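Given next are the chains, with one letter for each unit.
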Amino acid sequence: MNEIICPNCKTAFKVDEAGFADILKQVRDREFDKELSNRLALAEKEKQSAVEIAVANIKNTLQDELAQKDKQLTELKAQSDTELAEKLAQKEIEISEMESKIKHAQAEKEQAIKLAEATAKNALQEEVAQKEKQLATLQAQIKNAEIEKQLELSSVTKTIEKERDDLRHALELKEREKELLEKSIKEKFTNQLVVKDQTIRMKEDEIERLKDYKQKLSTKMVGESLEQHCEVEFNKLRATGFQNAYFEKDNDATGGTKGDYIYRETDEEGNEIISIMFEMKNENDETATKKKNEDFFAKLDKDRKNKGCEYAVLVSLLEADNEFYNTGIVDVSHKYEKMYVVRPQFFIPIITLLRNAAMNSMKYKAELNLMRSQNIDITNFEEKINAFKTGFARNYDLASRKFKTAIDEIDKTITHLQKTKDALLSSENNLRLANNKAEDLTIKKLTHGNPTMKARFDELDG
């Protein structure tokens, strides 16, 4: 029971372990919600910044394009006006020259009339007719020049109008291209967001799978206790690998306490090969009070001695983050004689190792008795014993190191996947912000505060 004091009324009351754990969970949930709110606010600021940047970039691009088009239109108009002015000046010069010729002809006509007074009347009339004919010809040339001037002016005007229409058409094409680009960007961002969401879900599933694998390490613990799991694993191999073995719950509490399971195995003649006292300990992640493995060593050693077992083994899921117990089969005989701590996946291997060692020991003991009875030197026997011990220790060390390496790789993979998930979430927020900016972009907003752009678009609309 845990005692809690109310912050308002200062009244102390007690709650059980489950209630205390529930209160702790509520506090953690509040902190998580607070942190989540802070993260969402930060993401909103990043979104607003990305939208402003995208709008500024598009606005600058469109302004540059429109300024270029205005410059081209101005140059074309200036060029057309210059050419037209030059042609008009040329025609005026020609007309002036023709007028001068007319005046000169008139002068010559007057002079001829004066000179013809002394000649015959027919000659004078012919000269006058000829001069009038020349005058009519000159007047026709002037008229033709004026018509040609009007035709050239009309041609230049049509050319300018055509260039204006071409520019308007080009602006309309640019507008359609912009709309298509906006649509393409929106579809691209949408597809990328879908892919990012799928990738994030896959990464989250992979992280959860690896975390679950690290905690349980391939043991089937869903819906069953640790004791049931170990019993099921042993029964799978009882008929083939442990035919002469006894593995049952310890129900004898005459010594005051009892273990969880006792393992005993005999040979064909009934001689005991090995005996092991097992203790199974599991703990829920939400349990408020966390136990340690060493809290159960003394009781396990006492149960082993009371039941006359040679070895004591603690099968434990406690201290899941303790690297010392995650390295494999842990020998704690420096604290209690012939005692080991293992994770559930090493339940069968520890039985096999101790059993094989005991069977080899019995074999060597039989050979020793035979050699002693025959007065044979036992030097070779001792060498075999030492070789066995050395080999056993080497294999045990290799297995422990391999297991630790596997655990380290799993931790690295989880860390890498978590970083990948965070990067994808950040990328998703930026893509969503850019998409929102693209959707919010309009011609009206781009031309706001820019009279040149507004006048240009109004002129095109007109």
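Residues numbered from 1 in each chain as written. Predicted model: local features only at pLDDT ≥ 70, side-chain atom pairs only at ≥ 80, totals over all residues. Heavy atoms only, no water.

A. Fine view of the pattern of salt bridges. Per the stated rule, a full pass over the model turns up 13 salt bridges. Notably, a salt bridge pairs Glu-294 with Lys-335, separated by 3.2 Å at the nearest N-O pair. Within this pair, whereas Glu-294 is found in the loop between strand 5 (272-281) and helix 4 (297-306), its partner Lys-335 is found in the loop between strand 7 (330-331) and strand 8 (339-342), the two being separated by 41 residues in sequence. The partly exposed category is assigned to Glu-294, whose relative accessible area is 39%. Here Asp-303 ties to Lys-299 by a salt bridge, and the two come within 2.9 Å at their closest N and O atoms. Remark: Lys-299 and Asp-303 occur in helix 4; sequence separation between them is four residues, near one turn of the helix. Judged by relative accessible area, Asp-303 falls into the buried class, the value being 0%. (Salt bridge = Lys/Arg side-chain N within 4 Å of Asp/Glu carboxyl O. Helix = DSSP H or I, 4+ residues; strand = E, 2+ residues; numbered from the N terminus. Buried < 20%, exposed > 50% of the residue type's maximum accessible area, 1.4 Å probe, protein only.)

B. Just the pairing of strand 6 (residues 311-316), in detail. Where burial is concerned, most of strand 6 is hidden: six out of the six residues are buried. Neither face of strand 6 is open: one carries Tyr-311, Val-313 and Val-315, the other Ala-312, Leu-314 and Ser-316, and all of them are buried. For strand 5 and strand 6, the ladder comprises six bridges, and the chain directions are parallel. Note on strand 6: the bridge partner recorded for Lys-281 is Ser-316. Looking at chain direction, strand 6 and strand 8 are connected through four bridges and run parallel. The residue of strand 8 that forms the bridge with Val-315 is Val-342. (Pairing = 2+ DSSP bridges.)

C. Inspection of the nonpolar core at higher detail. Within the largest apolar cluster, 28 residues are counted, with the highest numbers of intra-cluster contacts made by Tyr-263, Phe-278, Met-280, Val-313, Val-315 and Phe-347. For this core, the secondary structure elements donating two or more residues are helix 3 (226-241), strand 3 (245-249), strand 4 (261-266), strand 5, strand 6, strand 8, helix 6 (347-373) and helix 7 (379-440). Per-element accounting of this core gives the leading share, six residues, to helix 6. Ranked by size, the runner-up nonpolar core spans 12 residues in total, among them Ile-262, Leu-300, Leu-314 and Tyr-325. (Core = buried A, V, L, I, M, F, W, Y, C linked by side-chain atoms within 4.5 Å.)

D. Expanded view of helix 3. Look at helix 3: 21 Å from first C-alpha to last across 16 residues, which is about the 22 Å you get at 1.5 Å a residue. Maximal helix bending in helix 3 amounts to about 25 degrees, located at Asn-235. Of all the positions in helix 3, only Leu-226, His-229, Cys-230 and Phe-234 are classed as buried. (Expected span 1.5 Å × (residues − 1). Bend = angle between axes of the 7 residues up to and from the residue.)

E. Local environment of the sheet that holds strand 5. Pairing is mixed across the open sheet formed by six strands, whose spatial order is 3-4-5-6-8-7. Strands with a single pairing partner mark the edges of an open sheet, and in this sheet they are strand 3 and strand 7. When strand 3 meets strand 4, the two strands line up antiparallel, connected through five bridges. Note that in strand 4 the partner of Lys-249 across the bridge is Tyr-261. Relative to the sheet, helix 3 contacts strand 3, strand 4, strand 5 and strand 6, its axis offset from that of strand 3 by approximately 160 degrees. Helix 4 rests against strand 5, strand 6 and strand 8 of the sheet, and its axis sits at about 150 degrees to strand 5. (Contact = heavy atoms within 4.5 Å. Axes fitted to C-alpha atoms, helices over the stretch in contact; angles between N-to-C directions.)

F. Structural context of the packing of aromatic side chains. Taken as a whole and assessed by the stated rule, the structure comprises 11 aromatic pairs. A ring pair is formed by Phe-247 and Phe-278, whose centres lie 6.0 Å apart and whose planes are at 80 degrees; its orientation type is edge-to-face. With a gap of 31 residues between them, Phe-247 in strand 3 and Phe-278 in strand 5 connect regions that are remote in the sequence. Judged by its relative accessible area of 1%, Phe-247 falls in the buried class. Phe-278 sits in the buried class, given a relative accessible area of 0%. The rings of Phe-234, Phe-242, Phe-247, Tyr-261, Tyr-263, Phe-278 and Phe-347 are connected pair by pair, giving a single aromatic cluster. Here the basic side chain of Lys-338 rests over the ring of Tyr-311, its NZ or CZ set 5.4 Å away from the ring centre. (Phe/Tyr/Trp six-rings, centres within 6.5 Å; stacked < 30°, edge-to-face > 60°. Lys NZ or Arg CZ within 6 Å of the ring centre and 35° of its normal.)

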